[in-house]
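So you can see what is in the structure, the chains are spelled out below.
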Amino acid sequence: MSATSCSGVLPRTKLFGSNICKSNHRVPTSCSYTRSLKSVSCHLSEGLRDHNKSSSKEIVVSCSSSSDKGSSLVGRSHHCGPIDKRNTVGQTFCSAGVSTYSGAQVDSDSHAIEEKIGVLLLNLGGPETLDDVQPFLFNLFADPDIIRLPRLFQFLRQPLAKLISVFRAPKSKEGYAAIGGGSPLRKITDEQAHALKRALEAKNMPVNVYVGMRYWYPFTEEAIQQIKKDKITRLVVLPLYPQFSISTTGSSIGVLQRIFREDAYLSELPVSIINSWYQREGYIKSMADLIEKEFKSFLKPEEVMILFSAHGVPVSYVEDAGDPYKDQMEECIYLIMQELKARGINNEHTLCYQSRVGPIQWLKPYTDEVLVELGQKGVKSLLAVPVSFVSEHIETLEEIDMEYKHLALESGIENWGRVPALGCTSTFIMDLADAVIEALPSATAISTSRSASKAVDHDPMQYIIKMFFGSILAVFLLLSPKMVQAFRNHLF
Ligand SMILES: C=CC1=C(C)c2cc3[nH]c(cc4nc(cc5[nH]c(cc1n2)c(C)c5CCC(=O)O)C(CCC(=O)O)=C4C)c(C)c3C=C
Ligand SMILES: [Fe+2]
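Not measured: the values here are computed from a predicted model.

About the thresholds
Residues numbered from 1 in each chain as written. Chains lettered and ligands numbered in written order. Predicted model: local features only at pLDDT ≥ 70, side-chain atom pairs only at ≥ 80, totals over all residues. Domains from an automatic or database assignment. Contact = placed C-beta atoms within 7 Å. Nonpolar A, V, L, I, M, F, W, Y, C, P; charged D, E, K, R; others polar. Axes fitted to C-alpha atoms, helices over the stretch in contact; angles between N-to-C directions. Helix = DSSP H or I, 4+ residues; strand = E, 2+ residues; numbered from the N terminus. Parallel < 35°, antiparallel > 145°, perpendicular 65-115°, else oblique. Left-handed = near helix turned anticlockwise from the far one by under 90°. Pairing = 2+ DSSP bridges. Near = placed C-beta within 6 Å. Buried ≥ 20, exposed ≤ 12 C-beta atoms within 10 Å, placed from the backbone. Expected span 1.5 Å × (residues − 1).

## Side note on the domain arrangement of the protein
The domain architecture assigned to the protein consists of domain 1 (3-124 + 183-278 + 426-445), domain 2 (127-182 + 454-478) and domain 3 (281-418). With 4 residues of domain 2 at the interface, the matching set in domain 3 holds 4 residues. Looking at the side of domain 2 that touches domain 3, its residues break down into 3 nonpolar, 1 polar and no charged.

## Here's the deal with the packing of helix α12 (residues 367-377) against helix α13 (residues 394-410)
For any two helices packed against each other, one specifies the crossing angle of their axes together with the interaxial distance. Here α12 crosses α13 at 25 degrees, and the two axes come no closer than 8 Å. The angle between α12 and α13 places the two elements in the roughly parallel class. Of the two elements, α12 crosses α13, and the hand of that crossing is right-handed. From α12, T367, D368, L371, V372 and G375 reach across to α13, where they touch Y404, L407 and A408. Classifying every residue of the contact of α12 with α13 gives 5 nonpolar, 2 polar and 1 charged.

## Considerations on the sheet that holds strand β12 (residues 415-418)
Backbone-to-backbone hydrogen bonds pair the strands of a sheet. The strands run either parallel or antiparallel. Read from one edge to the other, the open sheet built from 4 strands follows the order β10-β9-β11-β12, with strand pairing classed as parallel. Two strands lie at the open edges of the sheet, namely β10 (349-354) and β12, each paired on one side alone. In this sheet, neighbouring strand axes are inclined to one another by 25 degrees on average, regardless of whether the strands run parallel or antiparallel. Both strand β11 (residues 381-386) and β12 contribute to a ladder of 4 bridges, which runs parallel. Its bridge partner lying in β12, A384 is registered against R418. Running over the sheet, helix α9 (residues 281-295) touches β9 (305-311), β11 and β12 and is turned about 155 degrees from β11. Sheet strands touched by α12: β9, β10 and β11. Its angle to β10, the strand with the most contacts, is close to 140 degrees.

## Some thoughts on the environment of V379
Mapped onto the elements of the fold, V379 is located in the loop between α12 and β11. With near-sequence residues (within four places) excluded, V379 lies in contact with M305, L374 and I413.

## As for the site of ligand 1
The environment of ligand 1 is formed by 23 residues, the closest being G126, S172, S183, H311 and H393. Those elements that place two or more of their residues in the shell around ligand 1 are α3 (133-141), α4 (157-178), α7 (246-261) and α13. The element best represented in the shell around ligand 1 is α4, accounting for 3 residues. Looking at side-chain class alone, the shell around ligand 1 contains 11 nonpolar, 10 polar and 2 charged residues.

## Points about the environment of T396
Position of T396 relative to the elements: it lies in helix α13. The exposure class assigned to T396 is buried, which follows from the 22 C-beta atoms found within 10 Å.

## Thoughts on helix α14 (residues 426-439)
Taking 1.5 Å of rise per residue, the 14 residues of α14 would be expected to cover 20 Å, and the 20 Å separating its terminal C-alpha atoms lies within 8% of that figure. Most of α14 is tucked away, with 11 of its 14 residues classed as buried. When we look at burial in α14, the residues that qualify are F428, I429, D431, L432, A433, D434, A435, V436, I437, E438 and A439.

Rendered as structure tokens:
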């Protein structure tokens, strides 16, 4: 184990007070989605209010970085992939020193504290090889936030996930094969984690950065185990989705809440969750920079139509479950366009939704249909801008760069461009670092009451019965000609 050490004094008032006021960070004070996230938002806003009147406490931080990597953690029983993959990124083990108060406001927590700050980046995860594709899809479709089944039909979840993943896998594999045989998500997220760590160090805030994926390695569960092992004392959770959706950030936070509630140490750990950050000035400006730069590749930039393409969600998420995703997406596009206008760029734009799966209604308009319509209307130059995700992934590299580009050119569009994902763009990473610093003071225990875990979930007999009857039903569904047709039409 190699280690380096450093030390620094963090003036708390400066970090936690003025940075918050300076930024364009709006924190929701209420929300309507049906998951139990209200409390998280409320903690956040209460925390921010508290910290506008925070005392001028200083934390003396010392840290040592280490290349030592801990052991692998939670796997999934159905999963056949390797189990020695890791979730921590360039680990830095930071231990804090003494807390002192430079101001007159010495309050009850004037005792020495040891701060060891962690940042947990949440992301989707992606299959690293073609063999990973089906089990990855199984994890995705087994998520109750991805396939929302009525309570009565919960027993069908696992067999249904198996069925859909097996049906979907050939199409997905084709996509992953076309982009080199696997998802680049892990590599890019690791790079973002490193960059964020460096950015925070540059701001005199040494932290451990962890990566927790929802559907593939390194799983969120593994990251949490590592956080526990490292004895982190304060945690900022930063989902790498600018806009909140029940299906993405909501799902990952659900995992966190379940694990944290049931663990004595984690349930007491002060945590601050950044639910969404699409409205941050740094993010909006970074997106505008990318668009402005890409305009230069067109002969007549003023004639270019900007096509914002967001990942879709089923309409029922927004209309029935109150997912704020669509509203946040529309506001995000408005803010980017305002920023472009301020720079003298007044091009036309449109927002559409891509990547729908299955025989249900998704948010409209659909990107593929819009491309055809724009071609018919005589639009000749188009700049595709992926929003909703900050790394390159299958849906930018394959769906946009290959399928949509082909469709656009076939539909009469002559000049095609695509804005890259933000990745490790320095202004963007710096802004994420600011978001972390601003969120730190509002950290509160995620749950003070440990809920009793439902015995039924852990009863092996009940599980076997569910799986047995679920599998029989799944076979019937599989053999039903109507179902086979629906899968053929929508999954392949
Ligand atoms: C904000 C981003 C995303 C939302 C919202 C989202 C919802 C959502 N996705 C599916 C189904 C699939 N998604 C798949 C891949 C995938 N999804 C996102 C992002 C969002 N998903 C990303 C970044 C990726 C790519 C990961 C990678 O490997 O690079 C896939 C697998 C690929 C494929 O077969 O198309 C599926 C399936 C649903 C059903 C859903 C909302 C309910
Ligand atoms: Fe998706």
